[in-house]
Amino acid sequence: MSKYLVIPHLAARHINLVQGNVAVSPHSLTAMALFVHALGLKTGGIHAEAFAVVQHDAWLDADYLEGSKDGERQAGYAAWQRRGASLIGMKDYSSKAEGHPVLSLQPVITGNLEFSLVLRYGAEAPSADAVRRFLDTARFQGGTIDGVGRIRDFDSESSVLRYLRTGKWIVDRRDLLEASADPLRDLLAFCALRERETVEEDAYPVLWSSATVGYAFLTEPAFLAGARSSDAGPVPSGFAEAMTGLIGLYSVHDARITEIPFWESGFVQDDVFLVRGTTLITEKEEVEI
């Protein structure tokens with residue numbers, strides 16, 4: 001019999017939204033999966049079988065800027081373009097002048113995310129106190145965790161569904177791209193939709209977004225000098241490319257969501273790590289793209 005933990009209203013602040021070469025997005029199922037994995041390591045090695053995410057809010061770290069064009073004043077909403085640097089090896093230096101090395105710079109756009117996590121376990125789940133101790137010092141996606149609600153445990157999926165009354169489920173919609181002749185074009189077309197979806201009665205408009213759903217190694221993992229160590233010591237690391245997928249954000253009251261849309265993660269081959277939804281919405285939908 002499965003057990004369920006709900007970690008409500010996690011407030012993640014100033015997280016990195018640049019996750020790949022396709023889009024800026026607050027949705028990284030890769031980060032979610034690794035966060036849940038870290039939680040398992042820190043709570044006695046009790047790992048969740050799967051996780052689900054309800055988004056409550058998401059916004060950029062940005063400012064309204066005023067400019068002018070052809071003599072007319074106009075307002076714009078601009079993300080904060082921070083800069084960050086990461087040192088892996090000597091190849092990361094853009095300048096190797098003696099005594100004045102310069103690290104190459106990577107652009108960083110940050111934002112904020114408030115979400116609830118639903119964790120599914122087997123016969124045993126960690127205690128709420130153990131989870132809270134982990135959250136007291138945990139970080140998420142390069143940002144901090146500013147707050148969290150009361151952690152609850154449940155014995156059934158139906159109880160969880162009754163408990164969660166606000167927000168939008170993050171649902172895997174890879175099915176809409178799998179048969180596409182141009183997945184990138186269709187991904188961007190879906191993400192550009194603004195309330196143009198035709199929905200049935202008792203349904204709600206879906207918000208579409210890109211999301212990182214894993215990574216593929218570009219180099220063979222190796223022990224690199226200066227790389228971050230785990231609690232157990234050095235671990236091999238390598239360069240990887242983010243894998244991008246399509247998600248739909250469905251209201252928790254949407255009649256099409258009849259069961260919790262869980263996600264599972266793991267290596268599907270030696271060099272590819274994927275996070276995939278176990279619940280897909282497959283009925284025909286009328287969507288203009």
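Figured I'd write up the structure that's included with this text.

Concerning the overall build of the chain
Counting its secondary structure elements, the chain contains five helices and 16 strands. A buried classification covers 39% of the 289 residues belonging to the chain. Sequence-distant contacts, at least 24 apart, represent 75% of the contacts inside the chain between residues at least 6 apart. Approximately 16,500 Å² of the chain is accessible, and the part contributed by carbon and sulfur atoms is 51%.

Here we look at helix 2 (residues 128-137)
By the burial criterion, the buried members of helix 2 are A130, V131, F134 and L135. Looking down the long axis of helix 2, one finds its buried residues gathered within 140 degrees of arc, a one-sided arrangement. Of the exposed residues in helix 2, those oriented more than 90 degrees away from the buried face are D129, R133, D136 and T137. On its buried side, helix 2 packs onto strand 1 (3-16), helix 1 (29-42) and strand 10 (143-147).

Topic: the side chain of D61
Structurally, D61 can be placed in the loop between strand 2 (50-60) and strand 3 (62-69). Residue classification places D61 among the buried residues on the basis of a relative accessible area of 5%. Here the side chain of D61 touches H14 through a polar contact of 2.9 Å, side chain to side chain. Looking at D61, its side chain comes within polar contact range of the side chain of N112, at 2.9 Å.

Conventions and cut-offs
- Residues numbered from 1 in each chain as written.
- Predicted model: local features only at pLDDT ≥ 70, side-chain atom pairs only at ≥ 80, totals over all residues.
- Heavy atoms only, no water.
- Helix = DSSP H or I, 4+ residues; strand = E, 2+ residues; numbered from the N terminus.
- Buried < 20%, exposed > 50% of the residue type's maximum accessible area, 1.4 Å probe, protein only.
- Contact = heavy atoms within 4.5 Å.
- Areas by Shrake-Rupley, 256 points an atom, 1.4 Å probe, with all protein chains shown as cover.
- Arc of directions from axis to C-beta.
- Polar contact = N/O pair within 3.5 Å; in protein donor to acceptor, adjacent residues only side chain to side chain.

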